[in-house]
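Architecture and fold: a report
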Amino acid sequence: KLLKIADKLYSERADFEKAKKSLYLFQQFNKEFPTDVEGLWRLSMAYYYVGHLLEGKKNRFTRKEHFNKGLIAGEQCEKYSEKPKVECLFWQATNLALLEQEKGIFSLAFSLEDIIDLLEKAKDTDALYASAGAYRTLSILYSKAPRFLGGDNVKAREYIKKAISLAPNEPLNFVFYAKFLINEDNKTKAIQVISNFIKKAD
């Protein structure tokens, strides 16, 4: 029952207060059932969501704290899962990436291999999860990382186009593809990509 209430609140997470309440309930569920995999991946996801919305310098420590706890929950989820579970892998990778990003570009670079490994496992487990989220996140990582730290625009393009082919109704896939095109100084194509998506969107 507690998990269902928390799920309902999380589904209404556009209201930040409801997002925070869902995180609190996931925390309470985890205290009662610390090895429950369904509770753990939800906890990891909620820590990410609340953490990434905490803006400004004064919230930097709190963001790190959220991402770190989200990472731990993801690791525990993987530990207690009997077989590879995409939710455990995806939210673990997401929290790790954001935690290291908060620490700085070099910290992120040193963890890049681990993050990519988790996302590769996630996409191999369930490529469609989070609207091809693993492919989308891999594209973001490869496009943002400097070349000498593993950045690769060819891979970034391949991954975001794969995300679009797998989840053609997900706006984020088109948004990040457009950003990628803008970074390549191809604004005309970026506008076309977004315009075409808007035309087919309901």
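This section reports on the structure supplied with the text. (Residues numbered from 1 in each chain as written. Predicted model: local features only at pLDDT ≥ 70, side-chain atom pairs only at ≥ 80, totals over all residues. Heavy atoms only, no water.)

A short note on the state of the cysteines
Covalent bonding between the sulfur atoms of two cysteines defines a disulfide. Applying the stated rule across the entire model yields one disulfide. Put simply, Cys77 and Cys88 are joined by a disulfide, and their sulfur atoms are 2.0 Å apart. Measuring handedness by torsion sign, the sulfur bridge of Cys77 and Cys88 sits at about -45 degrees and is left-handed. Residue Cys77 is found in helix α4 (residues 60–80), and its partner Cys88 is found in helix α5 (residues 86–103); the two are separated by eleven residues along the sequence. (Disulfide = S-S within 2.5 Å. Helix = DSSP H or I, 4+ residues; strand = E, 2+ residues; numbered from the N terminus.)

What about α5?
Over its 18 residues, α5 runs 26 Å from end to end, which matches the ideal 26 Å to within 8%, given 1.5 Å per residue. For α5, the tally of buried residues reaches 15 of 18 residues, placing the bulk of the element in the interior. Downstream of α5 by a residue or two, Gly104 has a phi angle that is positive, lying close to 130 degrees. (Expected span 1.5 Å × (residues − 1). Buried < 20%, exposed > 50% of the residue type's maximum accessible area, 1.4 Å probe, protein only.)

A word on the pattern of salt bridges
If you walk through the whole model with that rule in mind, you get 14 salt bridges. The shortest N-O distance in the salt bridge between Arg60 and Glu102 comes to 3.4 Å. A residue pair is termed long-range when its members are at least 10 positions apart, and Arg60 in helix α4 and Glu102 in helix α5 qualify at 42 residues. Residue classification places Arg60 among the partly exposed positions, given a relative accessible area of 38%. Look at Glu102 and you get buried, because its relative accessible area is 11%. One salt bridge in this structure joins Glu184 and Arg157, with 2.4 Å as the shortest N-O distance. Note that Glu184 is positioned in the loop between α9 (171–183) and α10 (187–200) and Arg157 in helix α8 (residues 153–166), a separation of 27 residues in sequence. Residue class for Glu184 comes out partly exposed when judged on its relative accessible area of 34%. With a relative accessible area of 27%, Arg157 lands in the partly exposed category. Connected via shared salt-bridge partners are Asp7, Glu38, Arg42, Lys85 and Glu87. (Salt bridge = Lys/Arg side-chain N within 4 Å of Asp/Glu carboxyl O.)

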